[in-house]
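Below, each chain spelled out in residue letters.
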6 protein chains.
Amino acid sequence: MAKIGKLTILLLISSEKEEEGFLKKVSDLGYKVCIGKAGTMDSREIIAAIETTAKREGIFSAGCYREEHAVYHTALSALKGLCRGEVGIGNFLRTVGVKFVILRGPMDTDRSDLGEWISVGIYGMIGAPIKGFEHEAIGLDINSI
Amino acid sequence: MAKIGKLTILLLISSEKEEEGFLKKVSDLGYKVCIGKAGTMDSREIIAAIETTAKREGIFSAGCYREEHAVYHTALSALKGLCRGEVGIGNFLRTVGVKFVILRGPMDTDRSDLGEWISVGIYGMIGAPIKGFEHEAIGLDINSI
Amino acid sequence: MAKIGKLTILLLISSEKEEEGFLKKVSDLGYKVCIGKAGTMDSREIIAAIETTAKREGIFSAGCYREEHAVYHTALSALKGLCRGEVGIGNFLRTVGVKFVILRGPMDTDRSDLGEWISVGIYGMIGAPIKGFEHEAIGLDINSI
Amino acid sequence: MAKIGKLTILLLISSEKEEEGFLKKVSDLGYKVCIGKAGTMDSREIIAAIETTAKREGIFSAGCYREEHAVYHTALSALKGLCRGEVGIGNFLRTVGVKFVILRGPMDTDRSDLGEWISVGIYGMIGAPIKGFEHEAIGLDINSI
Amino acid sequence: MAKIGKLTILLLISSEKEEEGFLKKVSDLGYKVCIGKAGTMDSREIIAAIETTAKREGIFSAGCYREEHAVYHTALSALKGLCRGEVGIGNFLRTVGVKFVILRGPMDTDRSDLGEWISVGIYGMIGAPIKGFEHEAIGLDINSI
Amino acid sequence: MAKIGKLTILLLISSEKEEEGFLKKVSDLGYKVCIGKAGTMDSREIIAAIETTAKREGIFSAGCYREEHAVYHTALSALKGLCRGEVGIGNFLRTVGVKFVILRGPMDTDRSDLGEWISVGIYGMIGAPIKGFEHEAIGLDINSI
């Protein structure tokens, strides 16, 4: 049994070397998956990077508003998790350097009756705009798509 | 190199079988660590479970307000991450069943100059008070202690 | 042309006499629709009333988690709109007496290509627990289902 | 009987053709009223458009801080309702195209003893910066003035 | 020159011995003023104590909804300031022991043209439900009345 | 007995003439202290002014991330208190002109067992970008350092 959130988290914290193997495993379990990075002080750039990557990698079809809407809200909520409450990056004088992972597929590989879901995870460093003055943060949200 | 947040997350998503090995590894890296569970509709019970477990397991000394204060705010922010914004469980008609992990030690095992930090992670299921109507969520915060 | 949000709002502010006509019109446009009331100081009772009514009236099928999840988040966001920010009713020493309306169908009757959406609207009086010390408020959210 | 919030909402959702008749009716009931539009990714522009229109149309007198303060907070809370929680437009990578309505007069035309109130309503489309990728939203707040 | 907020804060942090003199001074400047205390884990009890004290001490007249509404929102915003963001006391497993001060009168004793304003200040200790495990906090809001 | 929060507030509301005497008193009580000003529509500038002043005045040592992290979060929470909830200045079409005070030392001069704490207070005027259209606000937070 594998769950969409745990798989997202595993990919988020995997090293570049581990990623290849995990990506194959996740694909074999029936998920569409993509990975990207963003380093920014602007919250909109994180959401934009997630949407653009998901679209380009075929996680959702570009012309489908319902799917874009699901991805958008999942990314926004993951960002709220990363910020631990109110969304604030540059306006809070901090910067982030993050990896994000997007999965589309079963909520749980043992439960084929639940339909398709989208999971967005964001993990990385958040902190002052001073080298080394930062710590880790993670955000995750899951929605039906 | 190991980071306090990634170690917390690894423990959060590890199975019971994997936990024993990870706990030893984390201890060997110089961390104090403890793990607990909470199933509730009441946000204060999650914070209480984290504080009580951390105190009982010696993560911080019971009589030390500065340390209790650091653990409290780290737990509260991790809960905000779990809730992806405003804290709401029972008052939002949802329930959680979560595992939590608390680590105390270096922010990064390669950086001995940063002093001691506390990491609180919460991971599990959040959803309607109906069996199976729930999905995964995660929250994490890190503070100096 | 009719839009799901505007129809929801029209039903919310219609008198009991007008409701019957509007309900028929909305049904004829291809929407599943239901209406309910809640008077409470407890935020969870508003969400529960919306979910229960929607389930009983066949807006979504009781055993389907994806649909329940969409209705839940739409109701929660409508409640955030009603509260104009942070959700607070009894804990903010205020009480609400509201009507709610749930629609399921096209986002826009002219756009058959967008699939099915759910709209939850809440409208009524919010105020002190003193008769007459209250004013109107409205909340609305729309999601794919 | 007519209520300030319901009148505001009726004007918000009325078509351009219906507006003229409604405006006269609302004026006859003893309200000062004005209507405007804003299309933007910047939350401050919505507040500025509401304040500027209200001032120009004589809803409040330009030199009166108490009244400007009441209009400001009513507009800000209406915006929180529109955003269903935390205020975020461009910083959440979304854009809005809205109509706003401002009424000043009795809270309820049957209750002359309650003094003057201000109502600000905002209604329109919110969504991705992609044509057609948007849905309706509404926000309303009412304060004494 | 004296300002309503600064006077409120001075009263909040004055000792019992200093209070009497300050109260006379504030009265002589043309303010209605009252002081109260609350110790609780329930946010609604703080708002209720403020409203009840203000009503009993004649800060606003009991039957006047516009004035009650102004006091209510001022108290709620002062509480948000005290909690530094989202309102949470018992639900965040913390307790407060606070003094509150309510002033009604000029915003600034040098500016007679601004009409009457209400100021609510809350100051005291917030912390764990363990003796001595608490620190100071303050909240203040000001509105026209 | 003197408390870190009350001393911070006293300095915040003291006139320029009173400041000198208070600063000496606070120093004699064993606190590191500094004072600054900021006038801006940009929330990050307030945080930056506080951090920069604290660093320059030796409140914390520039190369120490744990201390910078404590000052940052204390400043951010004080700003949330000033804004009475969600942080918003320019994006809410308002501007602030504030004084800030930073203290480092005992939480309470009678309790030498609690270690060192940091207190950040912000006090001043918040309002419309129109001269005289503003009122007072205050924010305060306290953390271990």
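Provided above is the structure to which this section pertains.
What counts as what
- Residues numbered from 1 in each chain as written.
- Chains lettered and ligands numbered in written order.
- Predicted model: local features only at pLDDT ≥ 70, side-chain atom pairs only at ≥ 80, totals over all residues.
- Heavy atoms only, no water.
- Helix = DSSP H or I, 4+ residues; strand = E, 2+ residues; numbered from the N terminus.
- Rg over C-alpha atoms; globule rule 2.2 N^0.38 Å.
- Contact = heavy atoms within 4.5 Å.
- Buried area = accessible area lost by both parts, 1.4 Å probe.
- Salt bridge = Lys/Arg side-chain N within 4 Å of Asp/Glu carboxyl O.
- Polar contact = N/O pair within 3.5 Å; in protein donor to acceptor, adjacent residues only side chain to side chain.
- Phe/Tyr/Trp six-rings, centres within 6.5 Å; stacked < 30°, edge-to-face > 60°.
- Lys NZ or Arg CZ within 6 Å of the ring centre and 35° of its normal.
- Expected span 1.5 Å × (residues − 1).
- Pairing = 2+ DSSP bridges.
- Axes fitted to C-alpha atoms, helices over the stretch in contact; angles between N-to-C directions.
- Buried < 20%, exposed > 50% of the residue type's maximum accessible area, 1.4 Å probe, protein only.
- Least-squares fit on C-alpha atoms with pLDDT ≥ 70 in both.
- Parallel < 35°, antiparallel > 145°, perpendicular 65-115°, else oblique.
- Left-handed = near helix turned anticlockwise from the far one by under 90°.
- Nonpolar A, V, L, I, M, F, W, Y, C, P; charged D, E, K, R; others polar.

Participant: Quick rundown of the overall build of chain A? Include the residues and the values.
Facilitator: Assigned secondary structure in chain A consists of 4 helices and 4 strands. Sequence-ordered secondary structure for chain A, helices as α and strands as β, is α-α-β-α-α-β-β-β. In terms of overall size, chain A behaves like a compact globule, its C-alpha atoms giving a radius of gyration of 15 Å where 145 residues would be expected to give roughly 15 Å. Projecting the C-alpha coordinates of chain A onto the three principal axes gives extents of approximately 45 × 35 × 25 Å. Looking at chain A alone, contacts between residues at least 24 apart form 66% of all its contacts between residues at least 6 apart.

Participant: Give a detailed account of the interface of chain B and chain A, specifying residues and quantitative values.
Facilitator: Facing the 25 residues of chain B at the interface are 25 residues of chain A. Each partner contributes to the roughly 2200 Å² buried at the junction of chain B and chain A, and carbon and sulfur atoms together form 64% of this total. If you look at where chain B meets chain A, you find 2 salt bridges. A salt bridge links A:Asp141 to B:Arg84; the nearest nitrogen and oxygen atoms lie 2.6 Å apart. For the pair chain B and chain A, the interface holds 8 residue pairs in polar contact (both at pLDDT 80 or more). At the level of elements, helix 1 (4-13), helix 4 (65-82), strand 3 (116-127) and strand 4 (134-144) of chain B are the ones that each hand at least two residues to the side of chain B that touches chain A. Of all the elements, strand 4 of chain B adds the most residues to the side of chain B that touches chain A, at 8 residues.

Participant: Provide a residue-level description of the packing of aromatic side chains, including the pertinent values.
Facilitator: In total, this model carries 12 aromatic pairs over all chains according to the counting rule given. Measuring from centroid to centroid gives 5.2 Å for B:Phe133 and C:Tyr65, while their planes differ by 45°, and the two rings are tilted. Remark: C:Tyr65 occurs in helix 4 (residues 65-83) and B:Phe133 occurs in the loop between strand 3 and strand 4; the pair is interchain, linking two chains. Stacked on the ring of F:Trp117, the Lys or Arg B:Arg66 has its end atom at 5.9 Å from the ring centre.

Participant: Account for helix 2 (residues 16-28) of chain C, with residues named and values stated.
Facilitator: Side chains of residues three or four places apart in an α-helix project in the same direction, reflecting 3.6 residues per turn. Here helix 2 of chain C contains 13 residues, and its C-alpha end-to-end distance of 19 Å stays within 8% of the 18 Å for a straight helix at 1.5 Å per residue. The first or second residue beyond helix 2 of chain C is C:Gly30, which carries a positive phi of 100°.

Participant: How would you explain the sheet that holds strand 3 (residues 116-127) of chain C if you had to name every residue and give the values?
Facilitator: With antiparallel pairing, the 4 strands of this open sheet are ordered in space as 1-2-3-4 (chain C). Taken across any chain shown, the strands that pair with only one partner, and hence form the sheet edges, are strand 1 (32-40) and strand 4 (134-144) of chain C. In this sheet, neighbouring strand axes are inclined to one another by 15° on average, regardless of whether the strands run parallel or antiparallel. Summarising the sheet, strand 2 (residues 95-106) of chain C and strand 3 of chain C pair through 12 bridges and their orientation is antiparallel. Its bridge partner lying in strand 3 of chain C, C:Thr95 is registered against C:Gly127. Helix 4 of chain C rests against strand 2, strand 3 and strand 4 of chain C of the sheet, and its axis sits at about 150° to strand 4 of chain C. With respect to the sheet, helix 1 (residues 4-13) of chain D is in contact with strand 3 and strand 4 of chain C, its orientation differing from that of strand 4 of chain C by roughly 35°.

Participant: Account for the arrangement of the chains, with residues named and values stated.
Facilitator: At the level of C-alpha atoms, the two units chain A and chain E stay apart, their nearest approach being 9 Å. One finds no contact between chain C and chain F; the C-alpha atoms of the two approach each other to within 9 Å at their closest.

Participant: Could you give an account of the pattern of salt bridges, naming the residues involved and the relevant values?
Facilitator: Throughout the structure, instances matching the rule amount to 48 salt bridges over all chains. Where C:Glu19 meets C:Lys99, a salt bridge forms, and the shortest distance between an N and an O atom there is 2.6 Å. Within this pair, whereas C:Glu19 is found in helix 2, its partner C:Lys99 is found in strand 2, the two being separated by 80 residues in sequence. No difference in accessibility class separates C:Glu19 from C:Lys99, as the two residues are buried. Where salt bridges share partners, they join A:Glu67, A:Arg104 and A:Glu116 into one cluster.

Participant: Describe the relation of the copies chain B and chain A, listing the residues and the values that go with them.
Facilitator: If you rotate chain B by 180° and push it 0.0 Å along the axis, it lands on chain A with an RMSD of 0.0 Å. One copy is carried onto the other by what is essentially a two-fold rotation axis. Of all interface residues in chain B, 100% are interface residues in chain A too; the two copies therefore contact each other through one and the same surface.

Participant: Break down the sheet that holds strand 1 (residues 32-40) of chain A for me, citing the residues and quoting the values.
Facilitator: If you walk across this open sheet you meet the 4 strands as 1-2-3-4 (chain A), and the pairing is antiparallel. The open sheet has two free edges, formed respectively by strand 1 and strand 4 (134-144) of chain A, since each of these has just one partner strand. Within the sheet, the average angular offset between the axes of one strand and its neighbour, ignoring direction, is 15°. Most of the contacts of helix 1 of chain B go to strand 4 of chain A, to which it runs at about 35°, and overall it touches strand 3 (116-127) and strand 4 of chain A.

Participant: An account of the relation of the copies chain D and chain C is requested, with residue identities and associated values reported.
Facilitator: Screw-axis analysis of chain D against chain C gives a translation of 0.0 Å along the axis, an RMSD of 0.0 Å, and a rotation angle of 180°. In this assembly the copies share their binding face: 100% of the residues contributing to the interface of chain D also contribute to that of chain C.

Participant: Go over the packing of helix 1 of chain B against helix 2 (residues 16-28) of chain B with me, naming the residues and quoting the values.
Facilitator: Residue and element names in this part refer to chain B. Contact geometry of helix 1 with helix 2 gives a least axis separation of 9 Å together with a crossing angle of 160°. Looking at the two axes, helix 1 sits roughly antiparallel to helix 2. Along this stretch, helix 1 crosses helix 2, giving a crossing that reads as left-handed. Residues Leu7, Leu10, Leu11 and Ile13 of helix 1 pack against Glu18, Glu19, Phe22, Leu23, Lys25 and Val26 of helix 2. Of the residues assigned to the contact of helix 1 with helix 2, the class counts are 7 nonpolar, no polar and 3 charged.

Participant: I'd love a proper account of the environment of D:Glu134, names of residues and values included.
Facilitator: Along the chain, the position of D:Glu134 falls in strand 4 (residues 134-144). D:Glu134 sits in the partly exposed class, given a relative accessible area of 26%. Distance from D:Glu134 to D:Ser14, taken between C-alpha atoms, is 20 Å for residues 120 residues apart in sequence. Look past the residues within four positions of D:Glu134 in its chain and what remains in contact with it is A:Tyr65, C:Met107, D:Met125, D:Ile126 and D:Gly127.

Participant: Requested: an account of the packing of helix 1 (residues 4-13) of chain E against helix 1 (residues 4-13) of chain F, with residues and values cited.
Facilitator: Put simply, helix 1 of chain E and helix 1 of chain F touch, their axes get as near as 11 Å, and they point 150° apart. Classified by the angle between their axes, helix 1 of chain E and helix 1 of chain F sit roughly antiparallel to one another. Pair helix 1 of chain E / helix 1 of chain F crosses with left-handed handedness. Between helix 1 of chain E and helix 1 of chain F, the contacting residues are E:Lys6, E:Ile9, E:Leu10 and E:Ile13 on the first element and F:Lys6, F:Ile9, F:Leu10 and F:Ile13 on the second. Here the contact of helix 1 of chain E with helix 1 of chain F is composed, by residue class, of 6 nonpolar, no polar and 2 charged.

Participant: I'd love a proper account of the interface of chain D and chain C, names of residues and values included.
Facilitator: If you look at the interface, chain D gives 25 residues, while chain C gives 25 residues. Between chain D and chain C, a total of about 2200 Å² is buried, with carbon and sulfur atoms accounting for 64% of that surface. Linking chain D to chain C there are 2 salt bridges. Counting every contact that joins chain D to chain C gives 8 residue pairs in polar contact (both at pLDDT 80 or more).

Participant: Just give me the short version of unusual backbone geometry, but keep the residues and values in it.
Facilitator: Positive phi, close to 55°, is recorded for A:Leu93, a residue that is not glycine. Relative to the elements of secondary structure, A:Leu93 occurs in the loop between helix 4 (65-83) and strand 2 (95-106).

Participant: Kindly report on the side chain of E:Asp141, identifying the contributing residues and their values.
Facilitator: Looking at where E:Asp141 falls in the secondary structure, it is placed in strand 4 (residues 134-144). Here E:Asn143 takes part through its side chain, which lies 3.2 Å from a polar atom of the side chain of E:Asp141. A polar contact is formed between the side chain of E:Asp141 and the side chain of F:Arg84, at a distance of 2.6 Å. With sequence-adjacent residues up to four places away left out, E:Asp141 is seen in contact with E:His73, E:Thr74, E:Ser77, E:Ala78, E:Ile118, E:Ser119, E:Val120, F:Arg84 and F:His135.

Participant: Describe in detail the side chain of F:Ser144, supporting the description with residues and values.
Facilitator: Assignment of secondary structure puts F:Ser144 in strand 4 (residues 134-144). Classification of F:Ser144 by relative accessible area gives buried; the value is 13%.

Participant: An account of the environment of B:Ala48 is needed here, citing residue identities and associated values.
Facilitator: By secondary structure assignment, the location of B:Ala48 is in helix 3 (residues 43-56). Relative accessible area serves as the criterion here: at 25%, B:Ala48 is assigned to the partly exposed category.

Participant: Tell me what's going on with the environment of B:Leu23, and back it up with residues and numbers.
Facilitator: All names here are of chain B. With respect to the helices and strands, Leu23 occurs in helix 2. What makes Leu23 partly exposed here is its relative accessible area of 26%. The spacing of Leu23 and Cys34 is 11 residues in sequence and 8.5 Å in space, taken between C-alpha atoms. Ignoring sequence-local partners within four residues, the contact set of Leu23 consists of Leu11, Val33 and Ile35.

The values are spatial; any link to function lies outside them.
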